[in-house]
Amino acid sequence: MLPTDLMTLLLRLLLLGVVYVSTSHLAMPGAVGAELELGGAWSGEPAAEPAAALPTDQTAAAPFVVEPFDADLWADFFLPSPGSPPPAGTEPVQRTPARSIASAPAKSPQRVSTYQIQQNDHVLRFLEQFQTGYRRAVVERWLTRSGRYLPMILDIFRQKGLPEELVFTAMIESGFDPVAVSHAGAKGLWQFMAPTARQYGLRVDRWLDERLDPEKATVAAANYLSDLYKVFGSWELVQAAYNAGEMKVLRAIQGTGTRDFWSLTGTRFLRDETKNFVPAIHAVTIIGQEPEQYGFTVKPDEPLSYEQITVPRATSLKHVASLSGIPLEELIRLNSELRLKQTPPDSPYHLKVPRGSAPALQAGLDREVEARKVAVASRPADRGKRKIQAAERVTAGVHVVQPHDTIGGIAKRYGVSIQQLARWNDLERGARIFPGDRLRVAAARQTDSEQGGFR
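Residues numbered from 1 in each chain as written. Predicted model: local features only at pLDDT ≥ 70, side-chain atom pairs only at ≥ 80, totals over all residues. Heavy atoms only, no water.

Novice: Would you mind going over the overall build of the protein with me for this structure?
Specialist: In terms of regular secondary structure, the protein is built from 16 helices and four strands. Total accessible area on the protein is roughly 22,200 Å²; 54% of this is exposed by carbon and sulfur atoms. (Helix = DSSP H or I, 4+ residues; strand = E, 2+ residues; numbered from the N terminus. Areas by Shrake-Rupley, 256 points an atom, 1.4 Å probe, with all protein chains shown as cover.)

Shown next as structure tokens:
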């Protein structure tokens, strides 16, 4: 019998799988395209890379160009069949210590489990491919980009007790592109579909899409990977389920009686993209840990650095830029989860701004608050002044014509007839009045014959 908490988790994952009708939490191949076109062989000649598609909520008028991971490019990265022989001359990898692109202080709580990198035929094929033709340049670009996010991902995974090698799952998912969007709607560094994103605490609505927030999405991915490990007990099966969906992998285990992923690759129960997804991760992990050994010249990008400041609800990024002098495109890049380029209207928001720019923005926000306070405080005084002026005008029996005033409206306001108003002010039938005219609106002590109108 399984422990009660594990049974509960398994039931939740099973129900989640039923909701998705056995599809993945992400677009089946994740950021590798709406459908991985795994059947096409490649000649080894460089091919033109397809144009990157903008996220669905990215408009053509945006002031900057994002570089979402081109999912369809992955169709060329995979071999026609997972069962084909390895390239001639490929030898088992002899790993020697080298600088890891993911290197960082290794202080962490108790790990969930260790991660074993396989070097079987499946993995060696991808290791060979990733060093061949234009694929080398693509992988090198991803390794360079990884420098922005690896420190943050490693820190979160260590806090969760996850193996550090799992960080390279994001390379196969999105090429370490936080605004990657698949044709099926999977988004972000970890290529979540909206239902699973919400299941793991990410907000996805008309205002926010936190799948595009690298840090929040990484926390969600770490929790999801941890939950999957409690069910499958194998990181290869976890990664397969992350790609294909929990129900697909559970049915494969049930249909074959084995919980060994590499044995499952020889069956019909998993799709080719899932069979290739896991060895591809192992291959880029080997390269990512020792890039120089495989001939990659990589200077990782500087880690993403920012600070947060609380701004009022419904604050537009354009307004923040005007207050602080921060370039608008930089604010959009740091806060790509804001779908309408403004903070939600329901509460204040922790906005990400370039490090060192918070004081200028805070000063601008403070000036706005003070100006608003002065305006609010002056309203009662203005209203009182206007009332006194109106009372004085009535006491003096004179009305100063305002824009849009009419003779009938003025007569009604002071409780007199139109005829009286016309007689007191020598107004003929059809006479026009203009703003600034002064009309007598009460009878004077003199007789009507003695009273002259004035305007």
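Having seen the structure, we can now continue with the description.
Novice: Looking at this structure, I do not really get the pattern of salt bridges. What am I missing?
Specialist: Side chains carrying opposite charge are able to pair once their charged atoms draw close together. Summed over the entire model, instances satisfying the criterion amount to 13 salt bridges. Residue aspartate 301 is joined to arginine 148 by a salt bridge in which the shortest nitrogen-to-oxygen separation is 2.9 Å. Of this pair, aspartate 301 sits in the loop between α11 (272-289) and β1 (306-311) while arginine 148 sits in the loop between α3 (134-146) and α4 (150-159); the two residues are 153 residues apart in sequence, bridging distant segments of the chain. The shortest N-O distance in the salt bridge between glutamate 210 and lysine 216 comes to 2.9 Å. One network of salt bridges, in which partners are shared, links Lys187, Asp209 and Arg211. (Salt bridge = Lys/Arg side-chain N within 4 Å of Asp/Glu carboxyl O.)

Novice: Where do I start with helix α7 (residues 214-232) in this structure?
Specialist: Side chains of residues three or four places apart in an α-helix project in the same direction, reflecting 3.6 residues per turn. Compared with an ideal rise of 1.5 Å per residue, which puts 19 residues at 27 Å, α7 spans 26 Å between its outermost C-alpha atoms and is within 8% of the ideal. Burial within α7 is extensive, with 14 of its 19 residues counted as buried. Between a side-chain oxygen at the N-terminus of α7 and the backbone nitrogen of glutamate 215 the separation is 3.1 Å; the capping residue is aspartate 213. (Expected span 1.5 Å × (residues − 1). Buried < 20%, exposed > 50% of the residue type's maximum accessible area, 1.4 Å probe, protein only. Polar contact = N/O pair within 3.5 Å; in protein donor to acceptor, adjacent residues only side chain to side chain.)

Novice: Would you mind going over unusual backbone geometry with me for this structure?
Specialist: Leave glycine aside and you will find that most residues have negative phi; peptide bonds, for their part, are mostly trans. Its identity as a non-glycine residue notwithstanding, glutamine 191 has a phi of 55°, on the positive side. Note that glutamine 191 resides in the loop between α5 (169-174) and α6 (194-199). For histidine 404, which is not glycine, the phi dihedral falls at a positive 75°. Note that histidine 404 resides in the loop between β3 (398-400) and α15 (407-414). Histidine 404 sits in the exposed class, given a relative accessible area of 80%.

Novice: Sorry, what's going on with helix α12 (residues 317-324) here?
Specialist: Every buried residue belonging to α12 is among Leu317, Val320, Ala321, Leu323 and Ser324, and all of these are buried. For α12, the arc enclosing every buried residue in end-on projection is 165°, short of the 170-degree limit, so these residues lie on one face. Across from the buried face of α12, at angles greater than 90 degrees, the exposed residues are Lys318 and Ser322. Backbone geometry just after α12 places glycine 325 at a positive phi near 85°. (Arc of directions from axis to C-beta.)

Novice: Just checking my understanding: could you explain the packing of α7 against helix α8 (residues 235-244) for this structure?
Specialist: At their nearest, the axes of α7 and α8 sit 9 Å apart, and the two run at 120° to each other. Comparing their axes, α8 and α7 come out oblique. You can see that α7 and α8 cross each other, and the crossing is right-handed. Contacts from Ala221, Tyr224, Leu225, Leu228, Tyr229 and Phe232 of α7 reach α8 at Trp235, Leu237, Val238, Ala241 and Tyr242. (Axes fitted to C-alpha atoms, helices over the stretch in contact; angles between N-to-C directions. Parallel < 35°, antiparallel > 145°, perpendicular 65-115°, else oblique. Left-handed = near helix turned anticlockwise from the far one by under 90°. Contact = heavy atoms within 4.5 Å.)

Novice: Would you mind going over the pairing of strand β2 (residues 349-354) with me for this structure?
Specialist: Put simply, side chains in a regular strand alternate between the two faces of the sheet. The buried fraction of β2 is high, at five of six residues. For β1 and β2, the ladder comprises six bridges, and the chain directions are antiparallel. Bridging from a neighbouring strand, glutamine 308 pairs with lysine 352 of β2. (Pairing = 2+ DSSP bridges.)

Novice: Help me understand the environment of glutamine 308 in this model?
Specialist: Mapped onto the secondary structure, glutamine 308 falls in strand β1. Along the primary structure glutamine 308 and leucine 351 are separated by 43 residues, whereas in three dimensions their C-alpha atoms are 5.3 Å apart. Not counting chain neighbours up to four residues away, the residues in contact with glutamine 308 comprise His350, Leu351 and Lys352.

Novice: Looking at this structure, I do not really get the packing of aromatic side chains. What am I missing?
Specialist: Evaluation of the coordinates by the stated rule reveals eight aromatic pairs. Pairing phenylalanine 192 with tyrosine 224 gives two aromatic rings, centres 6.4 Å apart and planes at 50°, and the pair type is tilted. Residue phenylalanine 192 is found in the loop between α5 and α6, and its partner tyrosine 224 is found in helix α7; the two are separated by 32 residues along the sequence. Among the residues examined, tyrosine 224 registers a relative accessible area of 0% and is labelled buried. Ring centres of phenylalanine 261 and tryptophan 262 lie 5.0 Å apart, and the angle between their planes is 80°; on these two criteria the pair is classed as edge-to-face. (Phe/Tyr/Trp six-rings, centres within 6.5 Å; stacked < 30°, edge-to-face > 60°.)

Novice: What am I meant to see in the nonpolar core here?
Specialist: Side chains of a nonpolar character, in soluble globular proteins, are inclined to be buried together. Grouped together as the largest cluster of nonpolar side chains are 69 residues, with contacts concentrated most on Ile153, Phe157, Phe176, Trp190, Phe192 and Phe232. Ranked by residue count, the leading element in this core is α7, at ten residues. Phenylalanine 176 has contacts with Trp142, Arg145, Ser146, Tyr149, Leu150, Ile153, Val167, Phe168, Ala170, Met171 and Leu189, leaving out every residue within four places of it along the chain. Within the second largest apolar cluster, 17 residues are counted, among which are Val311, Val320, Leu338 and Val353. (Core = buried A, V, L, I, M, F, W, Y, C linked by side-chain atoms within 4.5 Å.)

Novice: Which parts of the structure should I look at to understand the packing of α7 against helix α9 (residues 246-256)?
Specialist: Angle between the axes and distance between the axes: these two values describe a pair of packed helices. The contact between α7 and α9 brings their axes to 12 Å, and the two run at 15°. Taken together, the axes of α7 and α9 lie roughly parallel to each other. Read as a crossing pair, α7 and α9 show a hand that is right-handed. Taking contact as the criterion, the partners of Tyr224, Leu228, Val231 and Phe232 in α7 are, on α9, Glu246, Val249, Leu250 and Ile253. Considered class by class, the residues forming the contact of α7 with α9 number seven nonpolar, no polar and one charged. (Nonpolar A, V, L, I, M, F, W, Y, C, P; charged D, E, K, R; others polar.)

Novice: Whenever I open this one, the environment of leucine 189 confuses me. Can you help?
Specialist: Looking at where leucine 189 falls in the secondary structure, it is placed in the loop between α5 and α6. For leucine 189, a relative accessible area of 0% corresponds to the buried category. When the C-alpha positions of leucine 189 and threonine 218 are compared, they lie 7.7 Å apart, and in sequence the two are 29 residues distant.

Novice: Can you help me understand the confidence of the model for the protein in this one?
Specialist: When pLDDT is low, close inspection of the predicted coordinates is not appropriate. Residues with a pLDDT of 70 or more make up 68% of the protein, whose mean pLDDT is 77. This stretch, residues 102-106, has a pLDDT under 50; its non-local contacts, to residues over four places away or in other chains, come to nine contacts. Throughout residues 444-454 the model reports pLDDT below 50, and contacts reaching past four residues in sequence, or to other chains, amount to 15 contacts. (pLDDT = per-residue confidence, 0-100.)

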